[in-house]
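Structural features, examined
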Amino acid sequence: MHETIIMPSQSTLRPRHRRLWFLLFFVVFVLLMSARTAVSYYVETLWFESLGYGGVFWKTIALGWIVFGVFAACTFLVLYGWFRLLLRVAAPDLRSAGTMVIGSRVINLPVEGAMRIGGLVVAVLVALGAGAAMKAEWPRFALYWFQPQTATGPADPIFGHPLSFYLFTLPVWQNLSGWLLMLAVLMCASGVFLVLISTGSRLSTGGFDRSAPLPWRTFSIAVAFLLLVIAMRVYLGRIELLLQDHTVFGGVTYTDAHVILGGMLAVCCALIIGAALSALNWVARPRLRWLVVAPIPAVLCYLVVQIAAWYVSSFIVKPNQLVREQPYIAHNIDFTRQAYSLDRIAQHEFPAEISVEAADPANNQTTLQNIRLWDWQALRDTLRQIQEIRTYYDFPDVDIDRYAINGQTREVMLAARELSVEKLPESSRNWINEKLIYTHGYGITMNPVNGFTPEGLPNLILSNMPIQSTVKGISVSRPEVYFGQLSDTDVYVKTQQKEFNYPQGETNALTSYEGTGGIAMGGLIRRILIAFDRGDLSKVPFSDDIGTESRLLMRRTVQDRVNTLAPFLTFDTDPYIVVGDDGHLSWMLDAFTTADTFPYASHYALRDRPINYLRNSVKAVVDTYTGATTFYVFDTQDPIIAAYRAIFPSLFKDASAMPQDLRRHVRYPELLLKLQAQVYGLYHMTDPTVFYNREDLWTIASEVGLSQSGEQAAQSMEPNFVLMKLPGEKDVEFVDILPFTPANRNNLIGWIAGRSDGAKYGTSVVYDFPKTRLVDGPMQIEARIDQNAQLSGQLSLWNQQGSRVRRGTLLVIPCGKALIYAEPIYLQAERSPMPELRLVVLALQDKLAYGSTFEGALQSLFAGAASSLSSEPAASTPAAAAAPAGKAGPPDLNALISGAAHDFADYQRLTAEGKLAEAGQKLEQLKQKLEQLNARQK
C-alpha cells in the first residue's frame, strides 16, 4: 500500500505565520516595555538610596503593587468567572445564533468561541484598569492598615463613630463601594447582552418557547448583586451626610436627622428585600416579573422619604429654622474649629487707641526699628538689576526671616541667586554647557527690611560674587546652589570638565563638586542604564568627561524632590532659604496633611481641591549643595502623620532632631495662616444665633497692590512676616500677620498672628478691636494718603513724564495700645524695572506723617514735627522736621520774599530740565514761604 501524504495548503500556513509574527511582535513589545520599566525602577532605586531612603521606595512600590494585584486579580476572577457562567448557560442559543444557511450549505460560525475570547479580553482589560485605579489610591489602604490603634479625637454627635473612622476607614469603604458598583454594572450589562442574544436567536430560528429557560436565572444573580451594592452605597451615603456643605452650615441638618437618616436606612432594607426577590429566580422557577418587581420597594421608599423631607423642610424647619437647626449649627461650628485648629487660637481684646502716646514708642523700639519697608516684589526687581551680574542668573523669590545681627535680632530679606539655563545665550545652549559646566547658582543676598543706601537701594549684608559680608558672624561657606527653585535639569558633576562657579572680571572662577549628593555613575553598564533612563544615551556612554567617580544630580528643584519622596503630603509652594551657623545654605519647606472626610466640618478650597482638615505636621529641609532631604515631624498629635510614620519609619525624624541653627528659622506657614484666616472670618462666631444671622462676618482686609497686569489695584492682603513685640508680651517675636475687616466694609475689626518662636511655635493669637468706634483699615489709610494735599500732589507729579509711583505693602502692626500703619512708596522709571524708595508713610488712627526716610517719617509721627518731601532717596540724611512754633524767631520779611522768588526760579528751571522730583520739592518750599507771607500780612 502507498501512503498518501497530504501537504498543508498555502492558505493554512498563512494564518499560522501571521499568528506567529503577531505573537513575536507582542513578546518583543512586552520585553521592551518591561525593560524600560525595569531600568526606570533601577535608577529610581539608586536615587532613593543616594538619599538614604531606599526602603521608602521599595515599600511604596510594594504597597502600590499589592493593591494593584489584589484588585486586578479579584476583578478578573469575578468578571471572567461571570462571563464563563453566562456562556455556559447561553451555549445552545449561541450555537444556534452562529448557524447560517446559504442555499444548500450550512455554515457554523464560532460565535461561542469568539464570545469566550472577547470575555477574556474584556475581563483582562477591566482588571488592569481597576487595578491601576486602585493602585493610585494606595495611601488610603495603607493609612487604614497602619492607623493608630488609640482613639483620636471626639466621636461624631450623630453616629458616634470616632475620628479615626472618618479619616481612615470611611475612605476605604468609599473606594470599595465604587469598585463593587463597577463590577455590578458590568455584570448586569453583560447579562442583558447575553439575554438579548439568546432571545434573538430563538426568535430568528422560529423555535421560541416561552417555557424554555432563558438566562434569566443567571442574570438574576447580577441584579441581586447590584441591588446589594446600591444598598451599601446608600448606607455609606447616610454617613456622608456629615460631610455635605449647605448654604448656612455644613453637616447633618434637622431634616437629615429626623427624616433622611431613617429614610435612607429604610431604602437600604428595601434594596435588600429587592435583592432577595431577585435571588428567588435562582432558587425557584425564573420569572421576569420578579426582576421587574425587585427594585420597586426601594423606589417607593425613596419617593416617600423625599416627600417627607420636603414637607418637614418646608413646613417645620423653614418657619422656625434657627430654633430647629441650632444644635446642628453648634456641631458644625465645634468640629470646623477643630478641623482647622481654630480652637487653639487665643483671643484678646485690643483697645486700638488713637493718641500718639498710646503707641508707647519708647517701649516698642524693636517693633518700630523692624517695620518692613522693602516690598518683596520691589526688592526682587532691584536685585535683578544690581546683583544678577550675568543674564543667566535670576532671583526667583525673596524670603523674610530673622537673624542675629550685632547681638540683636533683626528682620531681614534673603534671595538665592540661581542659574537659569533658559537664559544662557543661544550660542552657548549645548549639552556640555547645560549638563557639565553651568550646573549651579551661586550665593544669596541679605538685607535689613528697612535698610537703604543714599541712592534708594537695599543696604546689603550679603552680596556679590564671591560673597561679601558686612556683618561679623554672618557668612556663607558653601555658596553653590545645586538644588533650588529653578534647577529643573539634570547635571553631571565630578567630571573632567570644570564647572562654572561665578564670573570674575575678564575670566570665570571654576570649581568641581566636592559633595556626596547624587547617583554615582559607576561602570560602563551602569552609565548606559542611567543614560537610557535620563534620555542621554547618545552622550553619556561616549563622553570622555564622565567617569566612574562622576555623579548624576537629578530632581534638583525643591518641590520635585520632596513631592517624589513624600507624594502623600501637601507642600507649600514657597520654600525659603536659611543660612546655618556653619555657613551652609538650606531650603526649608512646610508640609501639610489634609483630608476631606472630617465629620461635620465645612470644606474650603486648598489649591482648587476641597478639604476640611489641615495640619502643618512636617518641615522639610533640603541642602542646597548635597540635596540631602530631611522631614521633621512637628505635630505629634496629628493622627494622619502618625500613620505615615508607622508606614515609613525611616522617612521622618522628630522635631527635636532638627539642628538648632535650623530650628531658629522655623516659621508659621503663610498658606496655613491664610486658610485659617479665611475660615476664622466665619467661624469666630461660636454662638449659633450670631452665626446663623451672619451678624459678625469678617473678611481678610484689602489693600492697594500691584496686580498681575502691573497696575495698582485693590486686592486681598497676603500674610506678612514681622518682627515685633505682641501686645501684653515681653519678648520680641517673629509672627505672620493678617488684618480683618467686617464683610463689605473697610474698617478694621481684628488682627491675627501666627507665632514662630520657641515654645509658642504653631500657636496663633487674635486681637479683637473695639466695635463701638471706627478703626481705620488699610483701604481707608490708602484713601487718607490720596486725600492728603501735599502727598497727592507729589504723587501726581511723579506719575508724569516717564515715571510711575509704585506702592508697597501696607503693614498694620499693633504698637503699645495703638495701631501703626506703614507703607513705602517707590518711584520707578518706565524704562527701568528698578524701583527706588522715595517716601515712607506712617500713620496712627488720627495722624498721618511721611518723609523721605523712615527716621524722618517716624520723627514726624511721634514728635509732632511737620514732614517734608525730599527728592533725595530714602537713606539720605533723615528729613529735618520743622521746629515747633515758638522755638525760633520769625524769619525776616525780605528774606521770605527773596527765598520765595529763588524757589520759584528754581522750580521753573527744574521743570524745564525734566527733574520733576526736585521741582516738586521747590514747589512745596515755595508754598510754605507764601503761607508765611500771608500770615505776616494778617
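In case you missed it, the structure is sitting above this.
Below: a short report on this structure.

Conventions we followed
- Residues numbered from 1 in each chain as written.
- Predicted model: local features only at pLDDT ≥ 70, side-chain atom pairs only at ≥ 80, totals over all residues.
- Heavy atoms only, no water.
- Helix = DSSP H or I, 4+ residues; strand = E, 2+ residues; numbered from the N terminus.
- Buried < 20%, exposed > 50% of the residue type's maximum accessible area, 1.4 Å probe, protein only.
- Contact = heavy atoms within 4.5 Å.
- Salt bridge = Lys/Arg side-chain N within 4 Å of Asp/Glu carboxyl O.
- Pairing = 2+ DSSP bridges.
- Core = buried A, V, L, I, M, F, W, Y, C linked by side-chain atoms within 4.5 Å.
- 1 Å grid on protein atoms, 1.4 Å probe; cavity = no way out; pocket = protein on both sides within 12 Å on 5 of 7 lines; lining within 4 Å.
- Points joined across faces, edges and corners; volume = space filled by probe spheres on them.
- Nonpolar A, V, L, I, M, F, W, Y, C, P; charged D, E, K, R; others polar.
- Axes fitted to C-alpha atoms, helices over the stretch in contact; angles between N-to-C directions.
- Parallel < 35°, antiparallel > 145°, perpendicular 65-115°, else oblique.
- Expected span 1.5 Å × (residues − 1).
- Patch = residues over 30% accessible without salt bridge, like charges linked within 9 Å, V, L, I, M, F, W, Y side chains within 5 Å.
- Areas by Shrake-Rupley, 256 points an atom, 1.4 Å probe, with all protein chains shown as cover.
- Phe/Tyr/Trp six-rings, centres within 6.5 Å; stacked < 30°, edge-to-face > 60°.
- Lys NZ or Arg CZ within 6 Å of the ring centre and 35° of its normal.

**Focus: the overall build of the chain**
The number of helices and strands found in the chain is 24 helices and 37 strands. When each of the 938 residues of the chain is scored for burial, the buried share is 52%. Taking as baseline every contact in the chain between residues at least 6 positions apart, the subset at least 24 positions apart corresponds to 67%.

**Things to note about the pattern of salt bridges**
This model, assessed by the stated rule, comprises 28 salt bridges. Ionic pairing is found between R384 and D394, a salt bridge with its closest N-O pair at 2.9 Å. Of the two residues, R384 sits in helix α12 (residues 376-386) while D394 sits in strand β4 (residues 393-394), which places them ten residues apart along the sequence. The exposure class of R384 is partly exposed, given its relative accessible area of 27%. Accessibility expressed as a relative area gives 9% for D394, which makes it buried. Via salt bridges that share partners, E729, E733, R755 and K760 belong to a single interconnected network.

**Describing the pairing of strand β37 (residues 847-851)**
For β37, the buried fraction is high: four of the five residues fall into the buried class. Where strand β36 (residues 836-844) meets β37, five bridges bridge the pair, whose relative direction is antiparallel. Looking across to β37, one finds that V840 is bridged to G851. Connecting β36 to the next strand, β37, in antiparallel fashion are two residues.

**Let's talk about the nonpolar core**
When a protein is soluble and globular, its nonpolar side chains tend to lie buried together. If you look at the biggest cluster of nonpolar residues, it comprises 197 residues, and the most contacted ones within it are F631 and F652. When sequence neighbours within four positions are dropped, the list of residues in contact with F652 reads F568, L569, V618, F631, V633, I641, Y644 and R645.

**With respect to the layout of surface pockets**
Empty space within the largest pocket amounts to approximately 1000 Å³. Taken together, 38 residues make up the lining of the largest pocket; nearest its centre are W376, E670, K674, E718 and P719. Looking at the lining of the largest pocket, the elements with two or more residues in it are α12, β5 (399-405), β21 (604-606), α18 (670-683), β27 (702-706), β28 (712-716), β29 (720-725) and β33 (803-807). Looking at the lining of the largest pocket element by element, the count peaks at five residues for α18. Looking at side-chain class alone, the lining of the largest pocket contains 13 nonpolar, ten polar and 15 charged residues.

**Quick word on the sheet that holds strand β16 (residues 519-520)**
Strands sit in the order β13-β17-β16 across an open sheet of three strands; the sheet is antiparallel. Strands with a single pairing partner mark the edges of an open sheet, and in this sheet they are β13 (491-493) and β16. Bridging between β16 and strand β17 (residues 551-553) involves two bridges; their strand directions are antiparallel. Residue A520 lies in a different strand from β17, and its bridge partner there is R551.

**Some thoughts on the side chain of S487**
Mapped onto the elements of the fold, S487 is located in the loop between β12 (480-481) and β13. Ignoring sequence-local partners within four residues, the contact set of S487 consists of E418, Y482, R556 and T557.

**Overview of the packing of helix α20 (residues 778-787) against helix α21 (residues 789-798)**
As a packed pair, α20 and α21 sit with axes 5 Å apart at the nearest point and diverge in direction by 80 degrees. Taken as axis vectors, α20 and α21 run roughly perpendicular relative to one another. Each of I785, D786 and Q787 in α20 lies in contact with α21, whose residues at this interface are A789, L791, S792 and L795. Here the contact of α20 with α21 is built from residues that sort into four nonpolar, two polar and one charged.

**Some details on α18**
In this model α18 runs 19 Å from its N-terminal to its C-terminal C-alpha over 14 residues, within 8% of the 20 Å that 1.5 Å per residue would give. Burial of α18 is extensive: eleven of the 14 residues sit out of reach of the surface. For α18, every residue scored as buried is listed here: L671, L672, L673, L675, Q676, A677, V679, Y680, G681, L682 and Y683.

**So, a nonpolar patch on the surface**
Together, L288, V292, V293, I296, V299, L300, Y302 and L303 make up an exposed nonpolar region whose accessible area comes to about 700 Å². Taken together, the elements giving at least two residues each to the nonpolar patch come down to α8 (288-293) and α9 (296-317). The element that contributes the greatest number of residues to the nonpolar patch is α9, accounting for five residues. Checked against the element boundaries, V293 lands in helix α8. When its relative accessible area of 34% is taken as the criterion, V293 is described as partly exposed.

**Overview of the packing of aromatic side chains**
Inspection of every chain in the model, using the stated rule, returns 43 aromatic pairs. Here W698 and F740 contribute two aromatic rings whose centre-to-centre distance is 5.2 Å and whose plane-to-plane angle is 45 degrees, an arrangement assigned as tilted. With a gap of 42 residues between them, W698 in strand β26 (residues 698-700) and F740 in strand β30 (residues 732-742) connect regions that are remote in the sequence. For W698, a relative accessible area of 4% gives the class buried. For F740, a relative accessible area of 0% puts it in the buried group. Taken together, the ring pairs in this structure connect Y41, W47, F48, F57 and W58 into an aromatic cluster. A cation over a ring is seen here: K135 above W65, with NZ or CZ 5.1 Å from the ring centre. A cation over an aromatic ring shows up here: R694 above the ring of F691, its NZ or CZ 4.7 Å from the ring centre.

**Brief notes about the packing of helix α4 (residues 138-146) against helix α16 (residues 639-647)**
The N-to-C vectors of α4 and α16 enclose an angle of 90 degrees; their axes lie 9 Å apart at closest approach. By the angle between their directions, the pair α4 and α16 is classed as roughly perpendicular. Of the residues in α16, those touching α4 at P139, A142, L143 and F146 are I640, A643, Y644, A646 and I647. Across the contact of α4 with α16, the residue classes tally to nine nonpolar, no polar and no charged.

**A short note on the side chain of S463**
Looking at where S463 falls in the secondary structure, it is placed in strand β10 (residues 462-463). Excluding residues that lie within four positions of it along the chain, S463 makes contacts with Q387, I444 and Q468.

**Considering the pairing of strand β20 (residues 585-595)**
Most of β20 sits inside the fold, with eleven of its eleven residues counted as buried. Covered by surrounding structure in β20 are L585, W587, L589, A591, T593 and A595 together with S586, M588, D590, F592 and T594, the residues of both alternating faces. Pairing between strand β18 (residues 570-571) and β20: two bridges, direction antiparallel. Residue T570 lies in a different strand from β20, and its bridge partner there is F592. In sequence, strand β19 (residues 576-579) turns back onto β20 through a hairpin of five residues, with G583 there showing a positive phi of about 85 degrees. Relative to strand β23 (residues 613-623), β20 runs antiparallel, the two being bridged by nine bridges.

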